[in-house]
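For reference, the chains in residue letters:
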Amino acid sequence: MKRITPKPEKYGKSEFPAISADLRETPQRPLWSVMIPTYNGTKYLEQTLRSVLDQDPGVEQMQIEVIDDCSTEDDPEALVKKIGQGRVSFFRQPQNLGLIGNWNSCIQRSQGYWIHILHQDDIALPGFYRYLQQAVNSKVAIGAAFCRHLHMDEHGHWQALSRLERREPGILEDWIEEIAVMQHIQFPSMVVKRSAYEKVGGFCSEAHYAADWEMWKRISAHYSVWYEPQVLACYRSHSGSETSRLARSGQDFADIRKAIEISELYLPTSKVRALSKKAGEAWALYALTSVRWMVIKKDFSIVLTRIREAIKCSISAKVLLSTLNLFGFTGKEWIKTRLSKTDSDSGNFKKSNGITP
Amino acid sequence: MEFNHPYRSQISATSKDNLRPLWSVMIPTYNCANYLRETLASVLAQDPGSEVMQIEVIDDHSTKDDPKAVVEELGQGRVGFYQQPQNVGYIKNFETCLQRSRGKLVHLLHGDDCVRDGFYRKLQRGFDENPQVGAAFCRHLYMNERNHWTWISHLEQSESGILDNWLERIAIEQRIQTPSIVVRRDVYERLGGFDRRMTCWGEDWEMWVRIAANYPVWYEVEPLALYRNSSTSLTGTSTRTGRNIQDFRNAIYIAREYLPEEKAYQLVKTALNNCALYALSTARQFAKAGNFSAAASQIREALLCCSSPKVLQSSLKLTIKLLYLSSVEKLLVKPKQKQLASK
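Residues numbered from 1 in each chain as written. Chains lettered and ligands numbered in written order. Predicted model: local features only at pLDDT ≥ 70, side-chain atom pairs only at ≥ 80, totals over all residues. Heavy atoms only, no water.

> An account of the overall build of chain B is requested, with residue identities and associated values reported.
Each helix and strand in chain B was counted, giving 12 helices and 10 strands. The C-alpha radius of gyration of chain B comes to 22 Å, within 12% of the 20 Å expected for a compact globule of 343 residues. In chain B, which comprises 343 residues, the share counted as buried stands at 51%. (Helix = DSSP H or I, 4+ residues; strand = E, 2+ residues; numbered from the N terminus. Rg over C-alpha atoms; globule rule 2.2 N^0.38 Å. Buried < 20%, exposed > 50% of the residue type's maximum accessible area, 1.4 Å probe, protein only.)

As structure tokens, this is what we get:
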């Protein structure tokens, strides 16, 4: 693997929130810090906490803390007290910091050598810490480790498996070329060395929706990353309003473009142009193909926004061809909807003539 | 009920003593001792004790490995072992599994599949709460030879419980893999064993349809079973010759008898169409792998299943592709290889 030399001169610490390294002198630090950011909503928090407590190696080994971003609804503190029984500490921000501010506060407040930021609706599956400890103990220096993961819906039903990056546990080769192009890591599957955050800085609020992806790229540009092929974390995808609001405004892809731009500061100089171009194309194609699900569900309103965003990401031949395809597909679906509408108007007649042998 | 079926073995009732275990985990094996280790370990990890659960490995006279040694090593006397005096074929071996089972609930777990923690506990709940159900199955995961998960089966409904309209859903496509399902022994006693008219494929599906036609079926939403789907499936002779699709077509016609008269026509038609689409996707994989004759036999079988516009269109497209690819190979690749060889 090519070593990527850090280029601190290219970005001042001012651009990425600094993480203080005062802890270095502290004698007895736990190995793990499981930091659970919360904000308005405790529906899944119990499940999340239990998933960690079920594999708790003890207070010397693991710090567990819920960091609430000054919620205005629900009472996470009461729940933490009830479930945690004194094992889980609770911190409430004096004022609302926003998602990314709260993540950085999680890092700042962590005591352990390795940080696991686990959102209030995600889950660590049994064995998560045990298997990732293999990575932590590995002889080769690494900055982060993640495992294969699952996407689940609001009810906890598993929906999809993440890509298998590598067959055996170990360091990912040429990982920067993968992660710089596409987001392959979800939060609950990732643990990061605190000293890595101290070196590269915290989450960047400019990247907003894509701040996590930008962070994983930044870490991968500076450190080797370990992969565990077992499925050990569950990420909850919401079909909720926030995601669709982002999608409707096109803000999600604006943030992705911003993240691509920010990464140019630290990606290896020899590859930066090619990687940015590839990333733009990959996200454009993603924008165009993922919108098909909406089209199938008869939601045509978002198609034009997506095409606009895709073309802003890249105008390669592939993207243009895919745009044309999407037009064709949408047209076909639209005609189908029209036809079925006229069908359902005269539905009674058709039903009585239903298909019989 | 008088049981006299030319193609199905009778599963006779066991003695009605009170010492019968609740569970029978019957593990058929044939040349898969390396996977058997994991299979047994996954069962033994949730073993409720020998009074509650019979665990037995039934080997179809393996020639390449020694399942008995694995059973002795892992089972430490807890796991029974029976070996067929000669190879009887896998359907007959399944029959032996059913016949040798003594428990009230039979779990047929192939020697390369696994269960996940909680399988027996969760499925037992289904039978406890609903004594009328004939079978219960759970959502399941597919895995490859290296134990990596590759796919999650479809979620049949969002809550665990008795399935609605199950017969109509199972009658049109295979939705259950064997490690995920548990059947009451008296259901097998009443309906008989697996149908011998199928030789390589579809005998399991026919059984699940038969059960669905006679009993309610319970579903567990948690994925608690692992089904090994090896990528070597393309190398089997039955797939290369199209025998698998012939078998499945047979199974569809056999299962037709159980379907409600007014819906049977439509269900069979849909099932045949699904079967044809499956054959075409296999054909596409064969074409990609360069095995043109196997691809052609899959296309042939697809057309024998069904001639819906979609199937016709895909078949035509694929046939043209095949002709193109094979002529390219004949005209360009082979002469070049010859040239290289002669040099």
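> Explain the environment of Asp164 of chain B residue by residue, including any values.
Residues and elements named next belong to chain B. Mapped onto the fold, Asp164 is located in the loop between strand 8 (161-162) and helix 5 (166-170). Note on Asp164: relative accessible area 54%, which makes it exposed. Sequence separation between Asp164 and Ser293 is 129 residues, and the spatial gap between their C-alpha atoms is 42 Å. Contacts of Asp164, omitting those with residues within four sequence positions, involve Gln157 and Arg169. (Contact = heavy atoms within 4.5 Å.)

> Any chance you could break down the packing of aromatic side chains for me, citing the residues and the numbers?
For any pair of aromatic rings, the description rests on two quantities: the centre-to-centre distance and the angle between the ring planes. All names here are of chain A. With the rule as written, the count across this model stands at 29 aromatic pairs over all chains. Arranged with centres 6.0 Å apart and planes meeting at 80°, the rings of Phe203 and Trp216 form a pair that is edge-to-face. Here Trp216 lies in helix 7 (residues 211-222) and Phe203 lies in the loop between helix 6 (194-200) and helix 7, a separation of 13 residues in the sequence. In this pair, the class of Phe203 matches that of Trp216, namely buried. Ring pairs connect the aromatic residues Trp103, Phe187, Tyr197, Phe203 and Trp216, which therefore count as one cluster. Note that Lys199 overlies the ring of Tyr223, its terminal NZ or CZ placed 5.3 Å from the centroid. The residue whose ring lies beneath Arg236 is Tyr44, and the NZ or CZ to ring-centre distance is 3.6 Å. (Phe/Tyr/Trp six-rings, centres within 6.5 Å; stacked < 30°, edge-to-face > 60°. Lys NZ or Arg CZ within 6 Å of the ring centre and 35° of its normal.)

> Help me get a handle on the pattern of salt bridges, residues and values and all.
All names here are of chain B. Under the defined criterion, the tally for this structure stands at 39 salt bridges over all chains. Of the charged contacts in the structure, one is a salt bridge between Arg175 and Glu156, with a shortest N-O distance of 3.1 Å. With a gap of 19 residues between them, Arg175 in the loop between helix 5 and strand 9 (181-184) and Glu156 in the loop between strand 7 (149-152) and strand 8 connect regions that are remote in the sequence. With respect to class, Arg175 is no different from Glu156; both count as buried. (Salt bridge = Lys/Arg side-chain N within 4 Å of Asp/Glu carboxyl O.)

> Help me get a handle on the side chain of Gln120 of chain A, residues and values and all.
Residue and element names in this part refer to chain A. Examined against the element boundaries, Gln120 turns out to sit in the loop between strand 4 (114-117) and strand 5 (123-124). A polar atom in the side chain of Gln120 sits 3.2 Å from the backbone nitrogen of Tyr39. When near neighbours in sequence (up to four residues on either side) are disregarded, Gln120 contacts Ile36, Pro37, Thr38, Tyr39, Asn40, Gly41, Tyr44, Leu45 and Thr48. (Polar contact = N/O pair within 3.5 Å; in protein donor to acceptor, adjacent residues only side chain to side chain.)

> Pulling in residues and values, what's your account of the pairing of strand 4 (residues 105-108) of chain B?
All names here are of chain B. Burial along strand 4 is two-sided: the face carrying Leu105 and His107 and the face carrying Val106 and Leu108 are both buried. The pairing of strand 1 (residues 23-29) with strand 4 spans four bridges and is classified as parallel. The partner of Val25 across the bridge, within strand 4, is His107. Summarising the sheet, strand 4 and strand 9 pair through three bridges and their orientation is antiparallel. Counted as the bridge partner of His107 is Val182 from strand 9. (Pairing = 2+ DSSP bridges.)

> Lay out the interface of chain A and chain B in plain terms, naming residues and giving numbers.
How big an interface is tends to be expressed through the accessible area that disappears when the partners come together. Counting from both sides, the interface comprises 14 residues of chain A and, opposite them, 15 residues of chain B. Roughly 1,300 Å² of surface becomes buried between chain A and chain B when both sides are summed, with 66% attributable to carbon and sulfur atoms. Taken together, the connections running from chain A to chain B amount to one salt bridge. Here Arg146 of chain B makes a salt bridge to Glu168 of chain A, at a shortest N to O gap of 3.4 Å. Of all the elements in the fold, those that place two or more residues in the side of chain A that touches chain B are strand 6 (144-152), strand 7 (158-161) and strand 10 (225-236) of chain A. It is strand 7 of chain A that provides the largest number of residues to the side of chain A that touches chain B, a total of four residues. Its residues placed into classes, the side of chain A that touches chain B shows nine nonpolar, two polar and three charged. (Buried area = accessible area lost by both parts, 1.4 Å probe. Nonpolar A, V, L, I, M, F, W, Y, C, P; charged D, E, K, R; others polar.)

> Quick rundown of the packing of helix 9 (residues 251-263) of chain A against helix 10 (residues 272-296) of chain A? Include the residues and the values.
Relative orientation and spacing of two packed helices are given, respectively, by the angle between their axes and the distance between those axes. Residues and elements named next belong to chain A. Two elements in contact, helix 9 and helix 10, have axes separated by 10 Å at closest approach and are oriented at 165°. Between helix 9 and helix 10, the angle is such that the two are roughly antiparallel. The two elements helix 9 and helix 10 meet at a crossing, and its hand is right-handed. In this structure, helix 9 uses Phe253, Ile256 and Ile260 to contact helix 10, whose residues at the interface are Ser276, Ala279, Gly280, Trp283, Tyr286 and Ala287. Each residue belonging to the contact of helix 9 with helix 10 can be placed in one class, and the counts come to seven nonpolar, two polar and no charged. (Axes fitted to C-alpha atoms, helices over the stretch in contact; angles between N-to-C directions. Parallel < 35°, antiparallel > 145°, perpendicular 65-115°, else oblique. Left-handed = near helix turned anticlockwise from the far one by under 90°.)

> Could you give an account of the confidence of the model for chain A, naming the residues involved and the relevant values?
Residue and element names in this part refer to chain A. Counting all residues, the mean pLDDT for chain A is 88, and 90% of those residues have values of 70 or more. Highest mean pLDDT in chain A belongs to strand 4 (98); lowest belongs to helix 13 (residues 347-352) (39). Note on residues 1-14: pLDDT is under 50 here. Beyond four places in sequence and across chains, it has 25 contacts. Throughout residues 346-357 the model reports pLDDT below 50, and contacts reaching past four residues in sequence, or to other chains, amount to three contacts. (pLDDT = per-residue confidence, 0-100.)

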